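# Per-entry structural report
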Amino acid sequence: MEREKVIEVRDLVKKFGAFTANDHLSFDVYRGEIFGFLGANGAGKTTAIRILCGLSRPTSGRVMVAGIDASRRPEEIKKRIGYMSQRFSLYEDLTVRENIELYGGIYGMRMKELIHRREAMLQRLSFTSYGDTLIRSLPLGLRQKLSFATAVFHDPEIVFLDEPTSGVDPVTRRQFWEMIYETASQGITVFVTTHYMDEAEYCDRITIMNEGKIVALDTPSVLRQQYGTATVEELFVKITRPQRTMV
Amino acid sequence: MAFVRKEFIHIFRDYRTLIILFGIPAAQILIFGYAVRTDLKNAAIAVLDNAHDEVSKELTQNIEASKFFYVARQLDSYDEIDATFKEGKIRAVVVFPEKMAATITREGTATISLIADGTEPNTASLVTGYINGILSTYSASLTGELTATMPLIMPEVRMYFNPNLESHYMFIPGLITLILIMICSLMTSVTIVREKEYGTMEVLLVSPLRPWQIIVGKATPYFFLSLINVIVILLMAWFVFGLPVQGSIALLIAECMLYILLGLALGILISTLTGKMENAIFISFLALMLPALLLSGFIFPIENMPKIYDYVTMILPPRWFVDVIRAIMIKGAGIGYVWKETLILAVTALLLMVISIQKFKTRLGEAK
């Protein structure tokens, strides 16, 4: 059975002046997949994500996200995706309920539906007792979970997670990944970048970027075999190290 | 709009912001009103009386009788003026022309020379202003007696619109100018930069909100709060200092709105220049507050500045706004008198808005 592509990238090039941040990237992401996007700092991950999210235009190449051309109608893409950044993305001086309300409002949800879904979500996360707590007074782990829940609150087709677990304790990290699995099982595609290589093992497929190019793309197990390494971490080091020492 | 509501919540939940918004303007009014008196008390002046007639004597008495001046010296000739000023005690010399009373009776008018010590431009302008006030009053009383239609004594410098010789008249318009630019520009730039700093801006940008919607959402609450502030200041001016608005209040409010828009645009522009709140505050102070304070004619009259500053101030919106507000509040001028300034402000506001929105877009489009 042919799987449905939700992201289709062909020969994506992004240049900033003379510097090529993305050098002919090509990859597909399928519906309901957890797609890991790895690479050292400055490898071009952020640039690629910004293009996929409709924040930046590709210099050349074809980028389709949720069936929409990223160079032509980036604003349309924004309606269909969710986004959570490494930095904390909720308003600290707003309560849990107010934050959810705000995001629902931004995505054009009707008030009645919004409140209904909000309460359902709080219940699902067993967050009901925190509903009127200011984000500022929530522990970091809870904030991060809520942040993710908010990013998928409007039922996007794809959710982009940019280093979502940096600075989070292992237990919360585990819980967080459970949420990611649950989300993916609902048919929402998860596009995640991370620096934690153990997390990369959880992904359905991973891609590793180095100096603007994709240097590896497959399931974690296939890649480990291919390069003869025991873990993704070793794999990552093996792939990215040689070129880096040359620079 | 959910976004605007959230912005209000931000403001009302942060009591520090509220203090800045409403406390500081109120405090400034009281400080300027009571402590920083820019009006005069007991300034020393000299009189060179070439006339020695009734009018000159009476005028000298009037000047002496006011609580602002005392006549420290009587001069005998023009030659003494230079030396007098060099001593540094005398602020101004009033020169009565020869046969002044006779000239007034014959020609209906006479000219008095007023020479002020320009080393302190601000004081000099006050001194001349006050003496003119006294001359005008006297002039008016003569007019009354003789039932003539035109003023009899024409001072060379004039300052009509401050008949009670109070500095409040000068500083309330200036203060409105200052406070508005502070709240609009400073607060808007800080609130936008804060979103950048916390990382929430990214989320907003990835959302379907258009850049202009984000800007409008950010600016709207401050627009209304600034308006409330204007009203508070005007009420304080009225009830605390007894300075009512002479002209149309609707026009005044409309001009304030225009100026607020201008300030908001400046704030947005500043927010595109930096990603740190401290920088935003710093830029606001340096680039907006100081010029507004020093070069708008609020404290230091532009007429006393070197010509070059006169041109420099022309590109500063506060200068035009101070003029407009003074004209409306104190002179009771209508739109007919301030249309030029209004037009300048409107064009500047529009220009700044276009630039800042454009910059906001491109900046966020490519920045990390």
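Keep in mind the model is a prediction, meaning the values are calculated, not measured.

### Quick word on the overall build of chain A
For chain A, the helix and strand inventory stands at nine helices and ten strands. Here the C-alpha atoms of chain A give a radius of gyration of 18 Å, agreeing with the 18 Å that 2.2 N^0.38 yields for 247 residues. Along the longest, intermediate and shortest principal axes, the C-alpha atoms of chain A span 55 × 40 × 40 Å. For chain A, the residues scored as buried account for 42% of the 247 residues in total. Sequence-distant contacts, at least 24 apart, represent 67% of the contacts inside chain A between residues at least 6 apart.

### Details of the overall build of chain B
Looking only at helices and strands, chain B features 14 helices and five strands. Evaluated residue by residue, chain B yields a buried proportion of 39% over its 368 residues. Contacts spanning at least 24 positions in sequence make up 77% of the contacts within chain B whose residues lie at least 6 apart.

### A short note on the confidence of the model for chain B
Detailed conclusions should not be drawn from predicted coordinates in areas where pLDDT is low. Residue and element names in this part refer to chain B. The predicted model of chain B has a mean per-residue pLDDT of 77, with 84% of residues at 70 or higher. Ranking the elements of chain B by mean pLDDT puts strand 5 (residues 153–155) last with 50 and helix 10 (residues 249–273) first with 87. Throughout residues 146–152 the model reports pLDDT below 50, and contacts reaching past four residues in sequence, or to other chains, amount to 13 contacts. Prediction confidence for the complex, expressed as pTM and ipTM, is 0.71 and 0.81 respectively.

### Re the nonpolar core
Of all hydrophobic cores here, the largest spans 125 residues; its most connected members are Leu52 and Phe160 of chain A together with Leu180, Ile183 and Ala265 of chain B. Sorting elements by how many residues they give to this core places helix 7 (residues 168–198) of chain B first, with 16 residues. Excluding residues that lie within four positions of it along the chain, Leu52 of chain A makes contacts with Ile7, Val63, Val65, Ala70 and Phe160 of chain A. Grouped together as the second largest cluster of nonpolar side chains are 26 residues, Ala92, Val94, Ile104 and Ile112 of chain B included.

### Description of the environment of Met121 of chain A
Residue and element names in this part refer to chain A. Looking at the secondary structure, you find Met121 in helix 4 (residues 111–124). Note on Met121: 18 C-beta atoms within 10 Å, which makes it partly exposed. C-alpha separation for the pair Met121 and Arg97, spaced 24 residues apart in sequence, amounts to 10 Å. Residues in contact with Met121, not counting those within four places in the same chain, are Ala149 and Phe153.

### Description of the sheet that holds strand 6 (residues 81–84) of chain A
All names here are of chain A. Strand order in the open sheet formed by six strands is 6-7-8-3-9-10, and the pairing between neighbours is mixed. Looking along the sheet, the strands with just one partner apiece sit at the ends: strand 6 and strand 10 (213–218). Averaged over neighbouring strand pairs, the angle between their axes works out to 15° when direction is ignored. Contacts between helix 5 (residues 140–151) and the sheet are confined to strand 6 and strand 7 (158–162), with strand 6 contributing the most and set at about 160° to the helix.

### Notes on unusual backbone geometry
Residue Asp11 of chain A is not a glycine yet carries a positive backbone phi of 50°. Inspection of the secondary structure assignment puts Asp11 of chain A in strand 1 (residues 5–16). Its identity is not glycine, yet His52 of chain B carries a phi of approximately 50°, on the positive side. Examined against the element boundaries, His52 of chain B turns out to sit in the loop between strand 1 (43–49) and helix 3 (54–65). By the C-beta count within 10 Å, which is 12 here, His52 of chain B ends up exposed.

### With respect to helix 13 (residues 317–331) of chain B
Residues and elements named next belong to chain B. Under the 1.5 Å per step criterion, the end-to-end length of helix 13 is 20 Å for 15 residues, consistent within 8% with the ideal 21 Å. Burial analysis of helix 13 places 14 of its 15 residues in the buried class, the great majority of the element. At the exit of helix 13 stands Gly332, carrying a positive phi of roughly 70°.

### Points about the environment of Gly104 of chain A
Residue and element names in this part refer to chain A. Structurally, Gly104 can be placed in helix 3 (residues 96–106). Of the residues examined, Gly104 has 21 C-beta atoms within 10 Å and is grouped as buried. Sequence separation between Gly104 and Ile115 is eleven residues; the distance between their C-alpha atoms is 9.1 Å. Not counting chain neighbours up to four residues away, the residues in contact with Gly104 comprise Met109, Leu114, Arg118, Phe153 and His154.

### A word on the interface of chain B and chain A
Every contact between the two is made by 20 residues of chain B and, on the other side, 21 residues of chain A. In terms of residue count, the dominant contributor to the side of chain B that touches chain A is helix 1 (residues 2–13) of chain B (six residues). Of the residues in the side of chain B that touches chain A, the class split is nine nonpolar, five polar and six charged.

### What about the pairing of strand 7 of chain A?
Residues and elements named next belong to chain A. The buried fraction of strand 7 is high, at five of five residues. Alternating positions in strand 7 separate into two faces, Ile158, Phe160 and Asp162 on one and Val159 and Leu161 on the other, with burial throughout. Judged from the four bridges that link them, strand 6 and strand 7 form a sheet pairing that is parallel. Each bridged residue has a counterpart across the sheet, and for Gly82 the counterpart in strand 7 is Val159.

### Comments concerning the packing of helix 10 of chain B against helix 11 (residues 277–294) of chain B
Residues and elements named next belong to chain B. Their axes nearest at 10 Å, the elements helix 10 and helix 11 cross at an angle of 130°. Between helix 10 and helix 11, the angle falls in the class oblique. In terms of crossing hand, the pair formed by helix 10 and helix 11 is right-handed. Across the interface between the two elements, Leu266, Ile270, Ser271 and Leu273 from helix 10 touch Ala280, Ile283, Ser284 and Leu288 from helix 11. Across the contact of helix 10 with helix 11, the residue classes break down as six nonpolar, two polar and no charged.

### Thoughts on the sheet that holds strand 1 of chain A
Residue and element names in this part refer to chain A. With antiparallel pairing, the four strands of this open sheet are ordered in space as 2-1-4-5. Two strands close off the open sheet at either side, each with one partner strand: strand 2 (19–30) and strand 5 (68–69). As paired strands, strand 1 and strand 2 are joined by eight bridges and run antiparallel to one another. Paired with Lys15 across the two strands is Thr20, which belongs to strand 2.

### Focus on the pairing of strand 4 (residues 60–65) of chain A
Residues and elements named next belong to chain A. One ladder, built from five bridges, connects strand 1 with strand 4; its direction is antiparallel. Pairing of Glu8 across the sheet is with Met64, part of strand 4. The pairing of strand 4 with strand 5 spans two bridges and is antiparallel. Of the residues in strand 5, the one forming a bridge with Met64 is Asp69. Counting the residues that bridge the hairpin from strand 4 to strand 5 gives two residues, and of these Ala66 lies at a positive phi of roughly 50°.

The rules we used
- Residues numbered from 1 in each chain as written.
- Chains lettered and ligands numbered in written order.
- Predicted model: local features only at pLDDT ≥ 70, side-chain atom pairs only at ≥ 80, totals over all residues.
- Helix = DSSP H or I, 4+ residues; strand = E, 2+ residues; numbered from the N terminus.
- Rg over C-alpha atoms; globule rule 2.2 N^0.38 Å.
- Buried ≥ 20, exposed ≤ 12 C-beta atoms within 10 Å, placed from the backbone.
- Contact = placed C-beta atoms within 7 Å.
- pLDDT = per-residue confidence, 0-100.
- Core = buried A, V, L, I, M, F, W, Y, C linked by C-beta atoms within 7 Å.
- Pairing = 2+ DSSP bridges.
- Axes fitted to C-alpha atoms, helices over the stretch in contact; angles between N-to-C directions.
- Expected span 1.5 Å × (residues − 1).
- Nonpolar A, V, L, I, M, F, W, Y, C, P; charged D, E, K, R; others polar.
- Parallel < 35°, antiparallel > 145°, perpendicular 65-115°, else oblique.
- Left-handed = near helix turned anticlockwise from the far one by under 90°.

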